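One-letter residues, chain by chain:
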Amino acid sequence: MDKIYVIGHKNPDTDSICSVIGYSDLLNRFEPVYIPARCGEINLETKFALSRFEIDEPVYIESLDPKISDMKLSPPISVHEDVPTIDVAVLMEKHDIKNVPVIDEEGKLRGLISERGLAKAYVRKIKIEQLEMAPISIGTLARIIEGKVIFDSGRILKGKVYTAIDALHVALSKLGHEDVAIVGDNEPDQIAFIHFGIAALIIANGAPVGERVINEAKANNTSIVQTNLDAFGVGKMINLSLPAKMVMAKDIPVLKTNDSIEYAKKIVYESKFRTACIVDDKGILMGVVTRTNLLEEIKKSVILLDHNEYTQAVDGIEKAEIVEIIDHHRIGNINTVKPVKFLNDPIGSTSTIITYKFIDAGVTPSPQIAGILLSGILSDTLVMKLSTTTQKDISAVDYLSGIAGIDPYGYGNELINAGMSLEGLSIEEILTKDMKRYNLFGKNIVISQIMVASFDFSSSRSNEIISKMSKLRDSMNVDCFFCLFTNVFENSSDLFISSDEECLLKFGSNPVRMEGVMSRKKDFLPHLAKIIK
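Residues numbered from 1 in each chain as written. Predicted model: local features only at pLDDT ≥ 70, side-chain atom pairs only at ≥ 80, totals over all residues. Heavy atoms only, no water.

Draft legend 1. Structural context of the pattern of salt bridges. Tallied over the full model, the rule gives 25 salt bridges. A salt bridge links K300 to D70; the nearest nitrogen and oxygen atoms lie 3.3 Å apart. A residue pair is termed long-range when its members are at least 10 positions apart, and K300 in the loop between α12 (291-294) and β16 (301-305) and D70 in the loop between β3 (59-60) and β4 (79-80) qualify at 230 residues. Residues K300 and D70 agree in their burial class; the two are buried. Of the charged contacts in the structure, one is a salt bridge between R461 and E464, with a shortest N-O distance of 3.0 Å. Given the relative accessible area of 40%, E464 is considered partly exposed. (Salt bridge = Lys/Arg side-chain N within 4 Å of Asp/Glu carboxyl O. Helix = DSSP H or I, 4+ residues; strand = E, 2+ residues; numbered from the N terminus. Buried < 20%, exposed > 50% of the residue type's maximum accessible area, 1.4 Å probe, protein only.)

In structure tokens form, the structure reads like this:
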């Protein structure tokens with residue numbers, strides 16, 4: 001089974017992160033394919049909880065757009081730089097492929113040989129008057145010309161190749177000590193070439209090789225290969241002995257595993273090879289992607305927790321396959337092609353829902369996971385002070401605190417205090433650290449909430465807050481930006497507003513003190529919906 005990401009909303013709060021960790025842990029008890037994920041930075045409160053219970057942060061995912069790494073690619077069929085091109089051609093025919101990557105000894109990509117490139121290389125060589133031997137061993141040469149090694153001097157062949165059709169003295173005048181001669185059934189000529197000191201002698205047409213010739217070859221360190229091919233056939237096959245590095249193209253499209261499928265399609269479709277090579281950060285060949293590969297539909301599978309609206313979901317959600325949604329907010333606007341599991345319970349925390357998932361499955365969470373789920377509930381219910389708190393939340397807290405072995409009220413206050421510190425944060429960081437997007441009656445809206453111990457900060461810096469909200473509203477291209485500074489001790493919130501004049505008039509002042517408003521979801525959002533409607 002392919003991996004499935006369990007992920008919360010953008011600008012994740014503690015409940016979003018903790019429920020993701022808890023649900024992934026439960027599901028992996030039955031099938032270990034679930035990956036806890038996040039699509040935003042973790043806040044101070046959540047970091048406190050993760051540190052307390054020694055739990056790793058969920059993996060960060062910027063987008064669910066399918067990437068090269070999501071493709072099921074076969075191991076690449078490649079050749080080394082020194083492999084003869086005839087072997088490349090055989091490989092193409094055997095595997096029915098049109099392109100073969102060329103790699104070095106370390107596995108790094110060096111080039112690509114295509115069918116078209118192979119043909120062009122040898123069309124060009126027709127115009128070359130002198131046949132030359134690329135660096136090649138005598139054993140490889142024998143294999144290419146379907147011959148038999150009579151004597152191997154151990155020398156690497158790299159000189160010119162000459163067919164002995166001229167008078168002997170003419171032929172010898174054209175040869176050097178690195179060169180190779182192709183001869184027939186003429187022992188005196190064979191011995192003369194060997195005495196001259198050439199690198200190798202190719203005896204064509206299946207001509208016999210006498211003992212005297214072999215002895216002379218050993219004495220003069222000249223290799224001998226015998227083949228049934230005629231001189232023309234030998235020349236033709238030697239032409240195909242060029243090493244891959246002399247024929248390969250270097251201007252090839254290259255992709256990384258983290259490149260998107262959309263980008264890969266653009267690269268491949270615009271390439272003359274209709275292919276791209278995939279490499280890692282060190283340039284090691286990892287695979288090959290073709291137009292055929294890209295025809296396959298690729299989607300990441302995800303479970304959404306603590307939200308069910310497109311505006312709050314990770315980027316690329318529309319290209320993913322949603323297999324389940326668990327939430328405790330209003331019903332949003334996410335659509336799915338296939339039927340999915342959908343659990344929405346209007347209680348205080350998604351972590352509470354996950355706790356009951358453990359109970360229903362007959363699985364007891366570990367003390368660490370119990371502590372993490374407890375953190376999610378205490379955070380989202382403000383240690384069970386918010387109006388959203390239900391008896392289910394309270395019962396879940398009792399159950400989890402018993403397993404974790406901690407006092408929920410003492411720990412809850414530590415948790416909340418850890419998240420309320422605004423020290424060292426800019427106004428923009430404060431306004432965006434717990435921010436959610438909504439679409440209400442056709443209006444795009446952002447609601448940010450900051451938990452504070454007093455109204456000192458918001459009162460002394462109200463002008464800066466309103467100014468920055470206006471800039472954020474413009475940059476985010478939303479109709480209204482609301483920010484709640486919620487005082488956990490006075491059971492009230494100061495509401496700051498950036499919107500059009502009509503909306504501002506409905507609230508009367510900016511900021512406005514809202515008594516009893518502690519929950520963004522249950523207290524403020526319904527009130528706002530009535531005003532906008």
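Draft legend 2. Spotlight on the packing of helix α7 (residues 187-196) against helix α8 (residues 211-220). Their axes nearest at 9 Å, the elements α7 and α8 cross at an angle of 5 degrees. By the angle class used here, α7 and α8 are roughly parallel. Residues E187, Q190, I191, I194 and H195 of α7 pack against R212, V213, E216, A217 and N220 of α8. Tallied by class, residues from the contact of α7 with α8 come to four nonpolar, three polar and three charged. (Axes fitted to C-alpha atoms, helices over the stretch in contact; angles between N-to-C directions. Parallel < 35°, antiparallel > 145°, perpendicular 65-115°, else oblique. Contact = heavy atoms within 4.5 Å. Nonpolar A, V, L, I, M, F, W, Y, C, P; charged D, E, K, R; others polar.)

Draft legend 3. Structural context of the packing of aromatic side chains. A full pass over the atoms with the stated rule returns six aromatic pairs. Between F53 and Y411, the ring centres sit 5.6 Å apart and the planes meet at 75 degrees, which makes this aromatic pair edge-to-face. Placement of the pair is F53 in the loop between α2 (44-52) and β3 and Y411 in helix α16 (residues 408-420), with a sequence separation of 358 residues. The pair F53 / Y411 is uniform in exposure class, with both members buried. Ring centres of F482 and F507 lie 5.8 Å apart, and the angle between their planes is 55 degrees; this geometry places the pair in the tilted category. With F482 in strand β21 (residues 480-487) and F507 in helix α20 (residues 501-507), this pair connects stretches of sequence that are 25 residues apart. For the pair F482 and F507, a shared accessibility class is recorded, and that class is buried. An aromatic cluster is built from F48, F53 and Y411, whose rings are joined through pairwise contacts. (Phe/Tyr/Trp six-rings, centres within 6.5 Å; stacked < 30°, edge-to-face > 60°.)

It is worth stressing that arrangement in space is one thing and function is another; only the former is reported here.
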